[in-house]
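Structural description and commentary
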Amino acid sequence: MLHTNLDVNNQGHLTFAGFDTVSLCEKYGTPLMLLDEERVRANLRIYLTEMKKAFGEGSFPCFASKSLSFTDIYRIVKEEGAGIDIVSPGELYTAAHAGFPLEKSFFHGNNKTDEDIAYALSEGIGYFVVDNEEELYEIERQSAEKNHVQNILIRLSPGVDPHTHEKITTGQVDSKFGIAIETGQAIEFVGKALSCKHIKLMGYHCHVGSQSFDSKCFMDAAAIMLSFIREVLDKYGAETEILNLGGGFGVRYVDSDPHIDIPFNIRLLAENIKACCADLKILMPKIIMEPGRSIVADAGLTLYTCGSVKTITGYKSYVSIDGGMADNPRYALYSSAYTVLNASKADKPADLVATIAGRCCESGDLIQEGVSIARPERGDKIAVLVTGAYNYSMASNYNRLPRPPIVSLYKGTDRVVVKRESFADLVKNDL
Ligand SMILES: *Cc1c(COP(=O)(O)O)cnc(C)c1O
């Protein structure tokens, strides 16, 4: 199977984290999102252990919580001792609500409003990752009012193209994110940040993309960022202690995706960074990475119920399910690949090639096309694998579909961590 938390039991049902997925559907209904909590913790620990070993004390991962944000996930991350990256006041609120220590959080985004800044300051945010000049001066203004000195990183665009999907490529010069090094604007910006009395420039951030299967783009970005640190030292005599390299390690969605050895890639990256620092004669900064997908993707699974199988004579077959783009918009948005199985007949050969269609009134509401699957019948449970990242967090109420619940599976216990939305929830803000 694609990941080690998947198997088939003697009833021919798909199991996930040791649980019979068909029984869970009977207990909780569908659509249903499952979270293998042990897998989340194990994925976090890989980064926690390997980063400390490779980069030294003070280097740690921050979970990019835009990939999966709900109260309990922040509690898990807190227990494991990682930091978090947040991108909105809503994520900040959820983290605070979970009791997450906000001094270990980084507030990202290309447009933080005055209200966002005030709210984050009042909650004691650890770091703003500053994206533009307007924001820099607003943080300075509000911090001065509070007689406070705020830690920041500056988001830079190093001009690296990680060759992944265009919409998830963010490190190139022409991007809505960050300040370009290549154009000279970044070095100028550092001068402005250094002149702010209520801001402490702690370092730099970049995020070159997503779903990378090696450390090449991290190394390219790190080399550029480290040269920039040297340039700042030469020009302003300012040393900074943090280099945040963002997220981006990939995850296997389908059998044809490569395997990635994250510990090996972290070690390789560390060797490169050390050599680069020695060449440039700068101190090795503390390294922060912000994995999202590689923490939660393979810890998630979505289950649906099949309503119909339609074969258009001479064309193709459609398997209709009771969810779709409202809970997983990624195929509609990015044509993302997914593995789809008949969870009720996981021991049967895949004898049907079909398009898996959601229930929304929208032709583009597909989960996947051209899937080989054991022919389902009405009532069979359909599993979409590796849906822990950017599914629930991107879910909407399109077509007034209530969002599914999240059930956590941990140490043999299944527990609802996010309730299924009710119809009453759908109208609660309507006056
Ligand atoms: C999205 C994002 C991440 C996480 O990326 P993954 O590909 O999920 O690891 C990290 N940092 C920033 C700034 C991001 O925008």
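Fair warning: this is a prediction, and the values are worked out from it, not measured in the lab. By convention here, each chain's residues receive numbers from 1 onward along its written sequence. Local features in a predicted model are, by the rule used here, given only for residues with pLDDT of at least 70; side-chain atom pairs are given and counted only at 80 or more, and totals for whole chains, interfaces and linings are based on all residues. Values shown for side chains rest on all heavy atoms present in the structure; no hydrogens or waters enter the calculation.

Description of the site of the ligand
Taken together, 15 residues lie around the ligand, and K66, S210, E290, R293 and Y390 are the ones closest in. Counting of polar contacts relies on pairs of N or O atoms within 3.5 Å, with two restrictions inside protein: one atom must be capable of donating a hydrogen and the other of accepting it, and residues adjacent in sequence are counted only when both atoms are side-chain atoms. At 3.2 Å from a nitrogen atom of the ligand is found a side-chain nitrogen or oxygen belonging to D85. Here an oxygen atom of the ligand and a backbone polar atom of R293 are 2.8 Å apart. Per-residue and other accessible areas follow the Shrake-Rupley method at a 1.4 Å probe size, with only the shown protein chains counted as cover for residues. Alone, the ligand offers 380 Å² of accessible surface; in the complex the protein occludes 94% of this. Throughout this document, a residue counts as near a molecule or strand when at least one of its heavy atoms sits within 4 Å of that molecule or strand.

Points about the packing of aromatic side chains
When two rings of Phe, Tyr or Trp (its six-membered ring) have centres within 6.5 Å they constitute a pair, described as stacked for plane angles under 30 degrees, edge-to-face for angles over 60, and tilted for the intermediate range. One pass over the full model with this rule turns up 5 aromatic pairs. Ring centres of F106 and Y127 lie 4.4 Å apart, and the angle between their planes is 5°; this geometry places the pair in the stacked category. Of the two residues, F106 sits in strand β7 (residues 105–107) while Y127 sits in strand β8 (residues 127–130), which places them 21 residues apart along the sequence. When sorted by exposure, F106 lands in the same class as Y127, which is buried. Between F218 and F249, the aromatic rings sit 4.8 Å apart at their centres with planes inclined by 50°, giving tilted as the arrangement. In this pair, F218 sits in helix α8 (residues 216–236) while F249 sits in the loop between β12 (242–244) and α9 (262–280), placing the two residues 31 residues apart along the sequence. Type-normalised accessible area, obtained with a 1.4 Å probe on protein chains alone, sets the label of each residue: buried when under 20%, exposed when over 50%, and partly exposed for intermediate values. Note on F249: relative accessible area 2%, which makes it buried. Over a ring means this: the NZ of a Lys or the CZ of an Arg is within 6 Å of the ring centre and within 35 degrees of the ring normal. One cation-aromatic arrangement involves K104 over F60; the distance from NZ or CZ to the ring centre is 4.9 Å. Positioned above the aromatic ring of F107, the side-chain terminus of K112 is 5.9 Å from the ring centre. Where helices and strands are cited, they refer to DSSP runs of H or I of at least four residues and of E of at least two residues respectively, numbered from the N terminus.

Some words on the domain arrangement of the chain
Domain start and end points were adopted from an automatic or database domain assignment. You can read the domains of the chain as domain 1 (6–36 + 297–427) and domain 2 (108–291). Spacing between the C-alpha centres of domain 1 and domain 2 amounts to 36 Å. Should any heavy atoms of two residues lie within 4.5 Å, those residues are considered in contact. In this assembly, 9 residues from domain 1 lie in contact with 7 residues from domain 2. Note on terms: buried area is the combined drop in 1.4 Å-probe accessible area of two parts once they are placed together, counting the loss on both. Taken together, the two surfaces of domain 1 and domain 2 that pack against each other cover about 750 Å², and 61% of this comes from carbon and sulfur. Three residues stand out in domain 1 for area buried against domain 2, namely Y334, A337 and V386, and they jointly supply 51% of the buried area on that side. By definition here, a salt bridge exists when the distance from a side-chain nitrogen of Lys or Arg to a carboxyl oxygen of Asp or Glu is within 4 Å. Here domain 1 and domain 2 share 0 salt bridges between them. Counting every contact that joins domain 1 to domain 2 gives 1 residue pair in polar contact (both at pLDDT 80 or more). For the side of domain 1 that touches domain 2, the per-class residue count stands at 6 nonpolar, 1 polar and 2 charged. Ten residue types, Ala, Val, Leu, Ile, Met, Phe, Trp, Tyr, Cys and Pro, are classed as nonpolar, four, Asp, Glu, Lys and Arg, as charged, and the remainder, Gly among them, as polar.

Side note on the pairing of β8
Burial along β8 is two-sided: the face carrying Y127 and V129 and the face carrying F128 and V130 are both buried. When DSSP finds two or more bridges between a pair of strands, those strands are recorded as paired. Here β7 pairs with β8 via 2 bridges, running parallel. Pairing of F106 across the sheet is with Y127, part of β8. With its strands directed away from the observer, a crossover is right-handed exactly when the path from the first strand over the helix to the second travels clockwise. With respect to chirality, the unit in which β7 leads through helix α5 (residues 114–122) into the neighbouring parallel β8 is right-handed. Here β8 pairs with strand β9 (residues 150–157) via 3 bridges, running parallel. Considered in β9, the bridge of V130 is made with I154.

Comments concerning the nonpolar core
One broad rule of soluble globular proteins: the nonpolar side chains tend to lie buried together. Residues F128, I154 and Y204 are the most contacted members of the largest nonpolar core, which totals 121 residues. Considering each element in turn, this core owes the most residues, 11 residues, to α8. We define a nonpolar core as any set of buried Ala, Val, Leu, Ile, Met, Phe, Trp, Tyr and Cys residues linked to one another through side-chain atoms lying within 4.5 Å. Ranked by size, the runner-up nonpolar core spans 9 residues in total, among them F106, Y127, V129 and I242.

Looking at the environment of E134
Within the element layout of this structure, E134 appears in helix α6 (residues 133–145). Residue E134 is classed as exposed on the basis of its relative accessible area, which comes to 61%. When the C-alpha positions of E134 and K112 are compared, they lie 9.6 Å apart, and in sequence the two are 22 residues distant.

Focus: the side chain of S69
Here S69 lies in the loop between β5 (60–64) and α3 (71–80). Within the local environment of S69, its side chain forms a polar contact with the side chain of Y74, the two groups lying 2.7 Å apart. For S69, the residues in contact, after removing those within four places along its chain, are Y74, E91, T94 and S393.

Some details on the side chain of T15
With respect to the helices and strands, T15 occurs in strand β2 (residues 14–16). Beyond its immediate stretch of four places on either side in the chain, T15 contacts N5, L6, D7, V8, N9, D20 and T21.

Comments concerning the pattern of salt bridges
This structure, assessed with the given rule, holds 29 salt bridges. The salt bridge partner of R41 is E80, with a shortest N-O separation of 2.7 Å. Linking R41 in helix α2 (residues 37–55) with E80 in helix α3, this pair joins segments that are 39 residues apart in sequence. The exposure classification of R41 matches that of E80, with both residues buried. Measuring nitrogen to oxygen at the nearest pair gives 4.0 Å for the salt bridge that ties E188 to K192. Of the two residues, E188 and K192 are both situated in helix α7 (residues 185–194); the distance of 4 residues between them amounts to about one turn of the helix. Via salt bridges that share partners, E37, E38, R41, R45, D72, R75, E79, E80 and R415 belong to a single interconnected network.

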